[in-house]
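Each chain, written out:
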Amino acid sequence: MPKSQNIDPKIVRKPEYIEFGRIPVNQYNKTIEQEKKIYSSEDFIGIFTDMVIIREFETMLNLIKTTNEYMGIPYNHPGPAHLSIGQEASAVGMAYNLGVEDYIFGSHRSHGEILAKGLSAIKKLDEGTLYEIMKNYFGGNALRVVEKGFSGSARELGRNFLLYGALAEIFARENGFNKGLGGSMHAFFTPFGIYPNNAIVGGSGDISVGAALFKKINRKPGIVVCNIGDASSACGPVWEGICFATMDQYNTLWSGDFRGGLPLIFNFMNNLYGMGGQTAGETMGFKILARLGAGVNPDSMHAERVDGYNPLAVIDAFRRKKKIIEEKKGPVLLDTLTYRISGHSPSDASSYRSKEEIEAWQKEDSIVAYGNKLVEAGIASASKLEEIRSETGELMTAILKLAIDPVVSPLLDLSANRDAIGEMMFSNASVDRMEDGKPEVLLPLEVNPRVKSLKTKERFYMDGEGKPVSKAKLYQLRDGIFEAVIDRFYKDPTLAAWGEENRDWGGAFAVYRGLTEALPYQRLFNSPISEGAIVGAAIGYGMCGGRVIAEIMYCDFLGRSGDEVFNQLPKWQAMSGNLIRMPVVVRVSVGSKYGAQHSQDWSSLVAHIPGLKVVFPATPYDAKGLMNSALQGTDPVIFFESQRIYDTGEMFHREGVPGGYYEIPLGEPDIKLKGDDVTILTIGATLYPALKAAEILKEKYGTGCEIIDARSLVPFNYAPVVESVKKTGRIVLASDASSRGSFLKEMAQTITELAFDFLDAPPVVVGSRNWITPAFEMEKYFFPQADWITDAIHEKILPLKGYVSSGRYSSDRTVRLSSEGV
Ligand SMILES: Cc1ncc(C[n+]2csc(CCOP(=O)(O)OP(=O)(O)O)c2C)c(N)n1
Ligand SMILES: [Mg+2]
């Protein structure tokens, strides 16, 4: 408990100075003779060979992009190729000491890292295991091509498999590592420990933290390396990732063998430029990137600049840093100094740098310099090195021929199956626990104080005499969420949850009250105020095989995790060719009473993004059942909750909310009230004003409403809604989201298409105003109210006898408001 860490004013108010330790810069100074103690001749030459392979791979792509041919073979590659010519020593040095259990993440410029890590893994795996990996990957399709084209040992095949799989991926072929759905900037191959590369600059900055957490929380071997560019050091996800990774609680509050730092290296591949902006000297103030570690923690993240033009210096650094991580003193920051001779992309005219500068770096070319050292030290002859270069050229030619052959390496056939990509968007699995094992808990479930107290609550909102149950005795919506969450914590040993004030405080709006007592720190912890990293770390945790609940206190804070929610969470399952699973539930609460920046319902925004499941329960029964389903699945679910109804009791499920486990399938709307005259489809808390409207319509106008609670936005089964509309011929759609561009509009349009012949009037949308949300006292002018629904029905759908309307939904007003942009 932080309570055990009392903050003593006498200590914190004391005068003192912060001292910064020294950060080493290019301190490697071993000779080849000294290094001979570590490396055999074969090792030395292997390092050279790997660098040459990367150089040739990138040179081939550069020629294809700029001249449309390589070694006389014509090919046009319309897609991207961010090449790393010049950076080979950093990639090979980084990967040299990593095992298959060590994971790398990368950026848009990661071909070299993929190859280096793959080549390193192939050397370390025993041949039987290596062959099995290749044989089992997508049914062995890529291996079959490689076996037809080449012969040799499993290791030799492995190298060709790596080159072919990576190139086929870059060329969007189905045999690529990710079925061609990742491509140059996102290619990866997890069996070799190569995790997603990211086209969003800095995107790996927080995802890799989640991978490191996965290793730590689930006691997995290996470390995680986050390879990112120097310019990404200005990005939010990188800073948030660094903050998340260096939290003191790992050392102060996590206990037993969980105590200690994260197994993570932030490895900045510092080529000194963004696209054209020079980081040191122009766009950043650090002068030497390694300085960034200084302010983060007293260890300065063990930061160091290492000469990335010398592979042996990089290997040496990684060896030393790995040791620090084994001592649980991570994470580490490395500034691996390098230079890209190639442009940012092949169309880059290098207008931002001088010819002299490029030539100066070319003179120091890492492959040439390293080769010369080997020759000088008598490790290899010049002719041997030349032979390696020419054999690599021949190998690359053969690989290219295979990768561009449309018969051997076709694209995913979308004409044969137009839905092939759609089938890979979700994994749609149902899994009790992501791994077997005994979940670590602090208490038996039955003795948990909240679990005990829930046993005494009334699970239906009225008592036997038809009187409403008092709030103190009532089982509420927040309890439904809690029961599903705690149940899963006792079932799935991998389940972890984090967010702001998740521990001790009891979670936002008391949903997690009772969890702190039940769970050790590594399963439930407070995060920094880093909404991006809260979600980003969950993504990394999920893609490595763990289940996770990330919580964003208010929906309005989703903006802070925009990249993670829009660009990362929804994409990796499909971009992996549907190999990766993403069992990540993001809890999002729609606020109330706190005005413009704490009350927005952005469910429409996330429902718009392909690859996310989106639910919004409005009753305790649905909240528990939907959370159970979300946590049983392996897909990302954005789980909306509304603060206005956290304390609502169950009004619809007459037997009350069951104490045991049950699931409500995602995507199934639910009829909350039967009626024949008008259908009202609601999302979220608007169910309750809709009920009020239905009561008025019934009592005063004899009009029967059928209320359907959408419960889910994605997926969504329209069949029950169409059935209802067939009966009523009329539909109003209502939710708390601002109406312009809302998901209600999408639903209204789809319903029009599906049920046009049965509709007596157009579907009408009743959303919130297109304004800022005003203070609580004025909210009734902003959020849909019962009389807005009756107005809409009267004005647009079914004139009600004697009804006096406000004119709220008149066509004139709609046109006027739209032209005013409100
Ligand atoms: C969020 C984001 N902003 C901008 C870009 C466009 N962009 C692609 S690469 C790049 C420069 C990145 O520099 P750095 O991180 O140093 O990596 P490098 O390209 O040098 O390897 C930019 C601005 C992007 N892909 N993502
Ligand atoms: Mg850079």
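Please read these numbers as outputs of a predicted model, since none were measured by experiment.

## Topic: the overall build of the chain
Then comes step 1: Counting secondary structure elements, the chain contains 28 helices and 20 strands.
Then comes step 2: Its C-alpha radius of gyration of 30 Å places the chain within 12% of the 28 Å reference for a compact globule of 822 residues.
Then comes step 3: Out of the 822 residues belonging to the chain, those deemed buried represent 61%.
Then comes step 4: Residue pairs at least 24 apart in sequence account for 77% of intrachain contacts in the chain once pairs closer than 6 positions are excluded.
Then comes step 5: For the chain, the accessible area works out to roughly 32,500 Å², and carbon and sulfur atoms hold 53% of it.
Then comes step 6: Taken together, the 89 basic and 100 acidic charged side chains of the chain have centroids lying 4 Å from each other.

## Describing the pairing of strand S12 (residues 584-590)
Then comes step 1: Within S12, seven of the seven residues are buried, which leaves it mostly tucked inside the rest of the structure.
Then comes step 2: Here S12 shows two buried faces, one formed by Val584, Val586, Val588 and Val590 and the other by Val585, Arg587 and Ser589.
Then comes step 3: Where strand S11 (residues 548-552) and S12 come together, five bridges link them in parallel fashion. What sits directly across from Ile552, in S12, is Val588.
Then comes step 4: Summarising the sheet, S12 and strand S14 (residues 637-642) pair through six bridges and their orientation is parallel. Residue pairing for S14: Ser589 is matched across the bridge by Glu641.

## Brief notes about the pattern of salt bridges
Then comes step 1: Summed over all chains, the structure comprises 37 salt bridges.
Then comes step 2: Between Arg55 and Glu88 there is a salt bridge, with the nearest N and O atoms lying 2.5 Å from each other. Of the two residues, Arg55 is situated in helix H3 (residues 41-67) and Glu88 in helix H4 (residues 88-96); the sequence distance between them amounts to 33 residues. Both residues of the pair, Arg55 and Glu88, belong to the buried class.
Then comes step 3: As a salt-bridge pair, Arg320 and Glu304 come within 2.7 Å of each other at their nearest N and O atoms.

## A look at the sheet that holds strand S16 (residues 678-683)
Then comes step 1: Read from one edge to the other, the open sheet built from five strands follows the order S15-S17-S16-S19-S20, with strand pairing classed as mixed. Edge positions in the sheet fall to strand S15 (670-673) and strand S20 (764-768), since each has one partner strand and no second. Here the average twist between neighbouring strands, direction ignored, is 25°.
Then comes step 2: Here S16 runs beside strand S19 (residues 731-738); their pairing, made up of five bridges, is parallel. Note that in S19 the partner of Thr679 across the bridge is Ile731.
Then comes step 3: Lying on the sheet, helix H26 (residues 743-755) is in contact with S16, S19 and S20; it crosses S19 at an angle near 160°.

## Describing the coordination of the magnesium ion (ligand 2)
Then comes step 1: Taken together, Asp230 (OD), Asn271 (OD1) and Tyr273 (O) make up the full set of protein donors to the magnesium ion (ligand 2), lying 2.0 to 2.1 Å away.
Then comes step 2: Read N to C, the donor residues that coordinate the magnesium ion (ligand 2) are spaced as D-x40-N-x1-Y. On the criterion of sequence distance, the pair formed by Asp230 in the loop between strand S5 (224-229) and helix H10 (236-245) and Tyr273 in the loop between strand S6 (264-270) and strand S7 (304-307) is long-range, its members being 43 residues apart.
Then comes step 3: Relative accessible area serves as the criterion here: at 1%, Asp230 is assigned to the buried category.

## Thoughts on the packing of H3 against helix H14 (residues 366-376)
Packed helices, taken two at a time, are described by their axes: the angle between them and the distance between them.
Then comes step 1: Orientation of H3 relative to H14, taken along the N-to-C sense of each, is 155°, at an axis distance of 10 Å. The angle between H3 and H14 falls in the class roughly antiparallel. The handedness of the crossing between H3 and H14 comes out as left-handed. In this structure, H3 uses Phe44, Ile45, Ile47, Phe48, Met51, Val52 and Arg55 to contact H14, whose residues at the interface are Ser366, Ile367, Tyr370, Gly371 and Leu374.
Then comes step 2: Among the residues forming the contact of H3 with H14, the class breakdown is nine nonpolar, two polar and one charged.

## Remarks on unusual backbone geometry
Among all residues save glycine, negative phi is the norm, and among peptide bonds the norm is trans.
Then comes step 1: At the junction of Gly330 and Pro331, the peptide bond is cis and its omega measures out at 0° in the coordinates.
Then comes step 2: The amide bond that connects Val714 to the next residue, Pro715, takes the cis arrangement and shows omega of -5°.
Then comes step 3: Residue placement: Pro715 occurs in the loop between strand S18 (712-714) and helix H25 (719-728).
Then comes step 4: In this structure, Ser300 is a non-glycine residue whose phi angle is positive, near 50°.
Then comes step 5: Among the residues examined, Ser300 registers a relative accessible area of 6% and is labelled buried.
Then comes step 6: Despite not being glycine, Lys593 has its phi angle at roughly 75°, a positive value.
Then comes step 7: Within the element layout of this structure, Lys593 appears in the loop between S12 and helix H22 (603-608).

## Notes on the sheet that holds S18
Then comes step 1: Taken in spatial order, the seven strands line up as S10-S9-S11-S12-S14-S13-S18 in an open sheet, and their pairing is mixed. Among the strands making up the open sheet, the edge pair consists of strand S10 (524-526) and S18. Going across the sheet, the axis of each strand differs from the next one's by a mean of 20°, ignoring polarity.

## Overview of the side chain of Ser232
Then comes step 1: Here Ser232 is to be found in the loop between S5 and H10.
Then comes step 2: In contact with Ser232, other than residues within four places in its own chain, are Val201, Gly202, Val238 and Phe268.

## Quick look at the site of ligand 1
Then comes step 1: If you check the shell around ligand 1, you find 14 residues, and the closest are His108, Arg109, Asp230, Ala231 and Asn271.
Then comes step 2: Note that an oxygen atom of ligand 1 is positioned 2.8 Å from one of the side-chain N or O atoms of Arg109.
Then comes step 3: With respect to ligand 1, the side chain of Asn271 contributes an N or O atom lying 2.8 Å from an oxygen atom.
Then comes step 4: Residues that form the shell around ligand 1 fall into these classes: six nonpolar, six polar and two charged.

## What about the nonpolar core?
Then comes step 1: Leu213, Phe244 and Trp498 are the most contacted members of the largest nonpolar core, which has 186 residues in total.
Then comes step 2: No other element matches H3, which puts twelve residues into this core.
Then comes step 3: Residue contacts for Leu213: discarding those within four places in its chain leaves Asn218, Phe244, Tyr250, Trp254, Leu262, Trp498, Phe525, Ala537 and Tyr541.
Then comes step 4: Core analysis: the next-biggest nonpolar cluster, separate from the first, contains 63 residues, Val511, Val657, Tyr662 and Val764 among them.

## With respect to empty space enclosed by the protein
Then comes step 1: Under the criterion given, the structure shown has three cavities of 30 Å³ or more.
Then comes step 2: The space that makes up the largest cavity amounts to roughly 50 Å³.
Then comes step 3: Taken together, Tyr137, Phe138, Asn141, Ala142, Glu174, Asn175, Gly176 and Lys179 make up the full set of residues lining the largest cavity.

Here is what the cut-offs are and how they apply
- Residues numbered from 1 in each chain as written.
- Chains lettered and ligands numbered in written order.
- Predicted model: local features only at pLDDT ≥ 70, side-chain atom pairs only at ≥ 80, totals over all residues.
- Heavy atoms only, no water.
- Helix = DSSP H or I, 4+ residues; strand = E, 2+ residues; numbered from the N terminus.
- Rg over C-alpha atoms; globule rule 2.2 N^0.38 Å.
- Buried < 20%, exposed > 50% of the residue type's maximum accessible area, 1.4 Å probe, protein only.
- Contact = heavy atoms within 4.5 Å.
- Areas by Shrake-Rupley, 256 points an atom, 1.4 Å probe, with all protein chains shown as cover.
- Lys, Arg positive; Asp, Glu negative; His and termini not counted.
- Charge placed at Lys NZ, Arg CZ, Asp CG, Glu CD.
- Pairing = 2+ DSSP bridges.
- Salt bridge = Lys/Arg side-chain N within 4 Å of Asp/Glu carboxyl O.
- Axes fitted to C-alpha atoms, helices over the stretch in contact; angles between N-to-C directions.
- Donors = N, O, S within 2.8 Å, 3.2 Å for Na, K, Ca; no water.
- Parallel < 35°, antiparallel > 145°, perpendicular 65-115°, else oblique.
- Left-handed = near helix turned anticlockwise from the far one by under 90°.
- Nonpolar A, V, L, I, M, F, W, Y, C, P; charged D, E, K, R; others polar.
- Near = heavy atom within 4 Å.
- Polar contact = N/O pair within 3.5 Å; in protein donor to acceptor, adjacent residues only side chain to side chain.
- Core = buried A, V, L, I, M, F, W, Y, C linked by side-chain atoms within 4.5 Å.
- 1 Å grid on protein atoms, 1.4 Å probe; cavity = no way out; pocket = protein on both sides within 12 Å on 5 of 7 lines; lining within 4 Å.
- Points joined across faces, edges and corners; volume = space filled by probe spheres on them.

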